[in-house]
Amino acid sequence: MGEEIIKEEKILKGIPASPGIAMGQAFLMEMEEPTVPRRQISDEDLPNEIARLEDALIQTRKEILEIQKKIAEEMSYEHAEIFNAHLLLLEDKMFLEEVISRLRKEKFIVEYILVDVIKKYIKVFSKMDDEYLRDRISDIDDVGKRILRHLIGQQRQDLSKLKEKVIVVAYNLSPSDTALMHKENVLGFVTDIGGRTSHTAIMAKSLEIPAVVGLEKVSRLVKKGDYLIVNGNDGSVIINPREETIKKYQEELLKFEEFIHRLEGLKELPAETLDGYRVKIAANIESPQEIPSVIAHGAFGIGLYRTEYFYMNRKDLPSEEEQFEAYRRVAIQMAPHPVTIRTLDLGGDKFISQLDIPYEINPFMGWRAIRFCLARPDIFKAQLSAILRASVEGKLRLMYPLISGIEELKQANRILEEVKEELRQKNIRFDEDIEVGAMIEVPSAAVTSDILAKEVDFFSIGTNDLIQYALAVDRVNEKIAYLYEPAHPAVLRIIKNIIDSAHEAGIWVGMCGEMAGEVLFTPLLLGMGLDEFSVSAVNIPEVKQVIRSITITQAKEITRQCLSFSTSEEILEFLRLKLKEIVPEIIV
Ligand code: PEP
Ligand code: MG
């Protein structure tokens, strides 16, 4: 019998990304090794196998150079130099010659030969007396795995294939990784990097998976077999908790579930203040699969359908027909309530491999969203046409992301008119009165919202981006997350200006950024005159509860006071105080 190792409890603090409490075994990303079959090839296959190897080597080199650049920027050149050993191995003539000559001689698929050669290298190096050379084993192993992953086209572990219920631990997860998760086997996840409004965090909320991001070193601290508690409500993560800690969290979990259960009673009730002022609460979705949950939480409609997930985790682009089918289904399922389809918002932190979007130093400020669509009218028009055709099946609206000025908005509208005309020519029906909106998420659009309001039927304020651009704070960077402050007086003034401009022009205005779902801001936004709150399904009951516990006069007074403060600290303190007065039992 082996000795029992008593593991020490460790508490880490990160950024709460998705509410709820999860407890379970850790699953470390990147741990699993791909399996390679021993498959024979023919002489004709040889050139192709060599070409595949060359391509994988080029990709691996590119990947290592990117990592090196990142490490040099974030840590130091000395740290980045560690990767020189990796690059040297990639260029090592002996190594390459051995793989290619064995390939010609033995005629097995190139991944099989590669794994075997790497194993041999590791064996030879492990017998060396020189400590420095022995230490190179991990470099060889790492490079070997990277080449292999490129060869078999496996970039990351596929989280949809997890067999057990686990808590995923990773340095980072891309929104497309997260999109593959299922609630049944991913109990929660934790990452070293990321911010509260990163699309990875937003996706976790949609999937109702508790998550904490920005933990800085969790992926290095957690070991295989560790037990974790993830508290997505306050951002703490406990590694190997003691018995009494587990008990405490089990009680906490019960309390949280009771709280959620109590809120379910609000489902059928309107979002109406105590003095009869009504607003709308809609839901944000990333995929049509969320609709049952949206309906279960009592949403009035969908205020933001992020269509870009449609384009992810697949090899080709979705056809117009495929999109039409999906939008049609969503329209039917939600009818008579409206569904706001946002046109493709790729770029920023959302990428897809099938479109060759070049690497950019500053992707959030780069070729993304409407900028990309205007440059690729083929892709844009297919989507617009699919939305228009589906619009006869229910109540659809469409909106453009990242509008920065009037020219861009007019150009998008011109393309929309062209698509409408083409449909009319073909006698294809669509809703001639479909509402068209602009997302206001760039400060230039916010400042000129009075001008933009003349060209659209509604605005939707995208605070996730608006805040990052207004405050110059990258929304996915955990190091500066403390500066990402929705309660910044500048942010409040900008939002107020957008709402006022919309109302002066006679159009309605919604908000679909994460701020709309934070109950602390509900009285303030209500008092500013926001017409529609579009939030993650899980946030609907709480937001509704706050609205139903206040009068519009009270809300307006709260707004007036908030706008008179000069620091976010004062604003937050005041809002916390007010919220406790209005809904004492709320958990924030
Ligand atoms: C926003 O920016 O607030 C928004 C809703 O869009 P996204 O989060 O998809 O960028
Ligand atoms: Mg946005």
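On a predicted model such as this, the values are computed, not experimentally measured, just so you know.

1. Concerning helix 24 (residues 568–582)
(1) Moving on: Relative to the 21 Å expected for 15 residues at 1.5 Å per residue, helix 24 spans 21 Å between its end C-alpha atoms, a close match to the ideal helical length.
(2) Moving on: Residues of helix 24 that are buried: Ile571, Leu572, Phe574, Leu575, Leu579 and Ile582. Summarising the axial view, the buried residues of helix 24 lie within an arc of 165°, below the 170-degree limit, and thus occupy one face. Turned more than 90 degrees from where helix 24 packs its buried face, Glu569, Glu573, Leu577 and Glu581 sit exposed.
(3) Moving on: Where helix 24 is buried, its residues touch helix 20 (489–504), helix 21 (522–528), helix 22 (540–547) and helix 23 (552–564).

2. Topic: the coordination of the magnesium ion (ligand 2)
(1) Moving on: Looking at the metal site, the magnesium ion (ligand 2) is ligated by Glu441 (OE) and Asp465 (OD), spaced 2.1 to 2.2 Å from it. Of this pair, glutamate 441 sits in the loop between strand 13 (435–440) and helix 17 (443–447) while aspartate 465 sits in helix 19 (residues 463–471); the two residues are 24 residues apart in sequence, bridging distant segments of the chain.
(2) Moving on: For aspartate 465, a relative accessible area of 3% corresponds to the buried category.

3. Points about the side chain of asparagine 464
(1) Moving on: Among the structural elements, asparagine 464 can be located in helix 19.
(2) Moving on: If sequence neighbours within four positions are ignored, asparagine 464 has contacts with Thr197, Ile202, Arg306, Arg475, Tyr484, Gly513 and Glu514.

4. Focus: the nonpolar core
(1) Moving on: Counting 109 residues, the largest nonpolar core has Tyr400 and Phe459 as its most contacted members.
(2) Moving on: Ignoring anything within four residues of it in the chain, the contact list for tyrosine 400 reads Thr343, Ile370, Phe380, Leu409, Ala412, Asn413, Leu416, Val436, Gly437, Ala438 and Met439.
(3) Moving on: By size, the runner-up hydrophobic cluster in this structure holds 28 residues, among which are Ile50, Ile118, Phe125 and Leu151.

5. With respect to the side chain of lysine 544
(1) Moving on: Following the sequence through the fold, lysine 544 ends up in helix 22.
(2) Moving on: With no salt bridge to any partner, buried lysine 544 finds its closest opposite charge in glutamate 268, at an N-O distance of 7.6 Å.
(3) Moving on: Every residue in contact with lysine 544, bar those within four places of it in the chain, is listed here: Leu266, Lys267, Leu269, Pro270, Ala271, Ile281 and Gly298.

6. Looking at the domain arrangement of the protein chain
(1) Moving on: Domain parsing of the protein chain yields domain 1 (10–32 + 157–262), domain 2 (43–152) and domain 3 (278–511).
(2) Moving on: On a C-alpha basis, the centroid separation for the pair domain 1 and domain 2 is 33 Å.

7. A closer look at the packing of aromatic side chains
(1) Moving on: For the structure on display, the rule yields 9 aromatic pairs.
(2) Moving on: Look at phenylalanine 565 and phenylalanine 574: their rings are 5.4 Å apart centre to centre, the planes differ by 65°, and that puts the pair in the edge-to-face class. Both residues of the pair, phenylalanine 565 and phenylalanine 574, belong to the buried class.
(3) Moving on: Each residue in the set Phe95, Tyr121 and Phe125 is aromatic and connected to the rest through ring pairs, giving one cluster.
(4) Moving on: The ring of phenylalanine 458 has arginine 397 sitting right over it, with the charged end atom 5.7 Å from the ring centre.

8. Focus: the sheet that holds strand 13
(1) Moving on: The 8 strands lie next to each other as 9-10-11-12-13-14-15-16, forming a closed barrel whose pairing is parallel. On average, each strand axis in the sheet is tilted by 25° relative to the strand beside it, whichever way the strands run.
(2) Moving on: Alignment of strand 11 (residues 338–342) against strand 12 (residues 395–400), held across 5 bridges, turns out to be parallel. If you follow threonine 340 over to strand 12, its bridge partner there is arginine 397.

9. Side note on unusual backbone geometry
(1) Moving on: In this structure, the amide linkage connecting alanine 335 to the following residue, proline 336, adopts the cis form with an omega of 5°.
(2) Moving on: Here proline 336 lies in the loop between helix 13 (320–334) and strand 11.
(3) Moving on: The backbone phi angle of lysine 107 is positive, close to 55°, even though this residue is not glycine.
(4) Moving on: Tracing the sequence through the fold places lysine 107 in the loop between helix 4 (93–106) and helix 5 (110–126).

Cut-offs used in this document
Residues numbered from 1 in each chain as written. Chains lettered and ligands numbered in written order. Predicted model: local features only at pLDDT ≥ 70, side-chain atom pairs only at ≥ 80, totals over all residues. Heavy atoms only, no water. Helix = DSSP H or I, 4+ residues; strand = E, 2+ residues; numbered from the N terminus. Expected span 1.5 Å × (residues − 1). Buried < 20%, exposed > 50% of the residue type's maximum accessible area, 1.4 Å probe, protein only. Arc of directions from axis to C-beta. Contact = heavy atoms within 4.5 Å. Donors = N, O, S within 2.8 Å, 3.2 Å for Na, K, Ca; no water. Core = buried A, V, L, I, M, F, W, Y, C linked by side-chain atoms within 4.5 Å. Lys, Arg positive; Asp, Glu negative; His and termini not counted. Salt bridge = Lys/Arg side-chain N within 4 Å of Asp/Glu carboxyl O. Domains from an automatic or database assignment. Phe/Tyr/Trp six-rings, centres within 6.5 Å; stacked < 30°, edge-to-face > 60°. Lys NZ or Arg CZ within 6 Å of the ring centre and 35° of its normal. Pairing = 2+ DSSP bridges. Axes fitted to C-alpha atoms, helices over the stretch in contact; angles between N-to-C directions.

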